[in-house]
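# Structural overview for review
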Amino acid sequence: MRQLLTPLVFCVAFSAFHPMMAQDVAAPPSEPNQAAATTAANVISNEVPVTAADREAIVKRWERDIISLEKENESLADNEDAILFIGSSSIRRWDSIATDMAPFRCIERGYGGAKFSDVAVYAKRLIEPHQYRAMVMFVANDVSGRPDDHSLDQIEAWVRYIVGVSRAHQPDAAVLIVEITPCESRFASWDKIRAVNSLLKEIALTTPDTYFIPTAEHYLTADDHPRPELFVGDKLHLSPPGYELWGSLIRQRLGDVLRQRTTADAAAAASETPAAR
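To keep things clear, this report deals only with the structure shown in the data block. (Residues numbered from 1 in each chain as written. Predicted model: local features only at pLDDT ≥ 70, side-chain atom pairs only at ≥ 80, totals over all residues. Heavy atoms only, no water.)

## Considering the overall build of the chain
Convention followed: Secondary structure counts use DSSP, requiring at least four H or I residues in a row for a helix and at least two E residues in a row for a strand, with both numbered from the N terminus. The buried label applies to any residue whose accessible area, calculated with a 1.4 Å probe on protein chains only, is under 20% of its type's maximum; exposed applies above 50%, and partly exposed to all values in between. Each accessible area value is a Shrake-Rupley result obtained with a 1.4 Å probe; residue values ignore everything except the protein chains displayed when judging cover.
Within the chain, the secondary structure is distributed over nine helices and five strands. For the chain, the N- to C-terminal ordering of α and β elements is α-α-β-α-α-β-α-α-β-α-β-α-β-α. Relative to its full complement of 277 residues, the chain shows a buried share of 51%. Carbon together with sulfur atoms contributes 53% to the accessible area of the chain, which is approximately 13,200 Å² in total.

## Side note on the pairing of strand S4 (residues 174-178)
The following threshold applies: Any two strands with at least two DSSP bridges between them are considered paired.
Burial runs high along S4: five of the five residues are buried. A two-sided burial pattern is seen for S4, the buried positions comprising Ala 174, Leu 176 and Val 178 on one face and Val 175 and Ile 177 on the other. Bridge count for strand S3 (residues 134-138) against S4 is four bridges, and the pairing is parallel. When the sheet's bridge partners are listed, Met 137 is paired in S4 with Ile 177.

## What to know about the sheet that holds strand S2 (residues 106-110)
Threshold: Lines fitted to C-alpha atoms define the axes here, with helix axes fitted over just the stretch in contact, and angles between the N-to-C directions of these axes take values from 0 to 180 degrees. Here, residues are in contact when the closest pair of their heavy atoms is within 4.5 Å.
The parallel open sheet is built from five strands, whose spatial order is S2-S1-S3-S4-S5. Of all strands in the sheet, those with a lone pairing partner are S2 and strand S5 (210-213), marking the two edges. Taken over all neighbouring pairs, the strand axes of this sheet differ in orientation by 20° on average, direction set aside. Sitting on the sheet, helix H7 (residues 152-169) touches strand S1 (83-87), S3, S4 and S5, and the angle it makes with S3 is about 160°.

## Brief notes about the pairing of S3
Here is the key point about a regular strand: its side chains alternate between the two faces of the sheet. Among the five residues that make up S3, five are buried, leaving the element largely enclosed by the rest of the structure. Of the two faces of S3, the one lined by Ala 134, Val 136 and Phe 138 and the one lined by Met 135 and Met 137 are each fully buried. Pairing geometry for S1 and S3, over five bridges, is parallel. Of the residues in S3, the one forming a bridge with Leu 84 is Met 135.

## Structural notes on the nonpolar core
Let me state the cut-off plainly: As used here, the term nonpolar core means buried Ala, Val, Leu, Ile, Met, Phe, Trp, Tyr and Cys residues forming a set that is joined through side-chain atoms within 4.5 Å.
Ile 127, Ile 162 and Trp 246 are the most contacted members of the largest nonpolar core, which totals 78 residues. If we ignore the near neighbours within four places in the chain, the residues touching Ile 127 are Leu 84, Ile 86, Tyr 132, Met 135, Ile 162, Val 165, Ser 166 and His 169.

## Considerations on the pattern of salt bridges
The condition that has to hold: Every case where a carboxyl oxygen of Asp or Glu lies within 4 Å of a side-chain nitrogen of Lys or Arg is listed as a salt bridge.
Under the criterion given, the structure shown has 11 salt bridges. Taking the shortest distance from any N to any O, the salt bridge between Asp 256 and Arg 259 comes out at 2.7 Å. With Asp 256 and Arg 259 both in helix H9 (residues 240-272) and three residues apart, this pair spans about one turn of that helix. Connected through shared salt-bridge partners, Glu 63, Glu 70 and Arg 125 make up one network.

## Considering the packing of aromatic side chains
To be explicit about the condition: Here the aromatic set is Phe, Tyr and Trp, taking the six-membered ring for Trp, and pairing holds for ring centres within 6.5 Å; pairs whose planes are under 30 degrees apart are stacked, those over 60 apart are edge-to-face, and all others are tilted.
Within this structure, the stated rule accounts for eight aromatic pairs. Judged by centre distance (5.7 Å) and plane angle (90°), the ring pair of Phe 85 and Trp 94 falls under edge-to-face. In this structure, Phe 85 and Trp 94 share a single accessibility class: buried. An aromatic cluster is built from Phe 85, Trp 94, Phe 138, Tyr 243 and Trp 246, whose rings are joined through pairwise contacts.

## Let's talk about the environment of Trp 158
Note that Trp 158 resides in helix H7. According to the relative accessible area criterion, Trp 158 is buried, its value standing at 4%. Look past the residues within four positions of Trp 158 in its chain and what remains in contact with it is Pro 49, Val 50, Phe 116, Ser 117, Ala 120, Asp 142 and His 150.

## Side note on the side chain of Ser 239
Convention followed: Identification of polar contacts relies on pairs of N or O atoms within 3.5 Å, with a donor-acceptor requirement for protein atoms, meaning one able to donate a hydrogen and the other able to accept it, and with residues adjacent in sequence counted only if both atoms are side-chain atoms.
By the secondary structure assignment, Ser 239 is in the loop between S5 and H9. A distance of 3.5 Å separates the side chain of Ser 239 from the backbone nitrogen of Phe 231, its partner in a polar contact. Once residues lying within four places of it in the same chain are set aside, the contact partners of Ser 239 are Glu 229, Leu 230, Phe 231 and Val 232.

That's the geometry; what it means functionally is another story.
Right, dumping it as structure tokens:
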């Protein structure tokens, strides 16, 4: 078991270090792995990997927010080409998402200061009402320098469960996990957050049709400190320029992934077509 991440203070959203660009190629569907099998088992048995006490606390805190998001579904037209965004407050506060992510049509389902545990409990209600071409997930609150920070093992179980819910609902949809960004308010815990980012990258590498979106290095100065102009006054959430940059990075990677998948699907279909005589 990985040890619990020690409390410090940090920032999360997309040390003296530059994160390396991710090798974010998903594991081929033809190569199943134990982690994916475990996720599938969790989804089939409807077992969210949280304790009963934690579930009760999560429901008490977030139920009203989820009901509010569900009401938005009533006026939402189905679109199989939509991109579903789920996660924490950085998704919820993204008022310019339609512009920043154009031409993609986006479904925005972020809430409060959600952690991966919160998203896992509500994963089916957040995901299953929608049809989408890809799902993008950003959650940045599991490690914030507090005594109740989550361990890597806990985070891994929740992330794999959430990805499993999407794959069970729409097996052909890509899942993209956005890297947690460095910010000043939590930068004392940046090394711990980097460990979470490494885990998210590992999950993407070992899960079919799942991809990692690296963003962190773009939010650091030349001397490896958060760029202040990319954050609002709380030094935690993104400013308009921060969102514009975030959108460009996510949009580019999303477009690359979808083009790659379209090309692969076309090649597979061509290989199955009998040669013309």
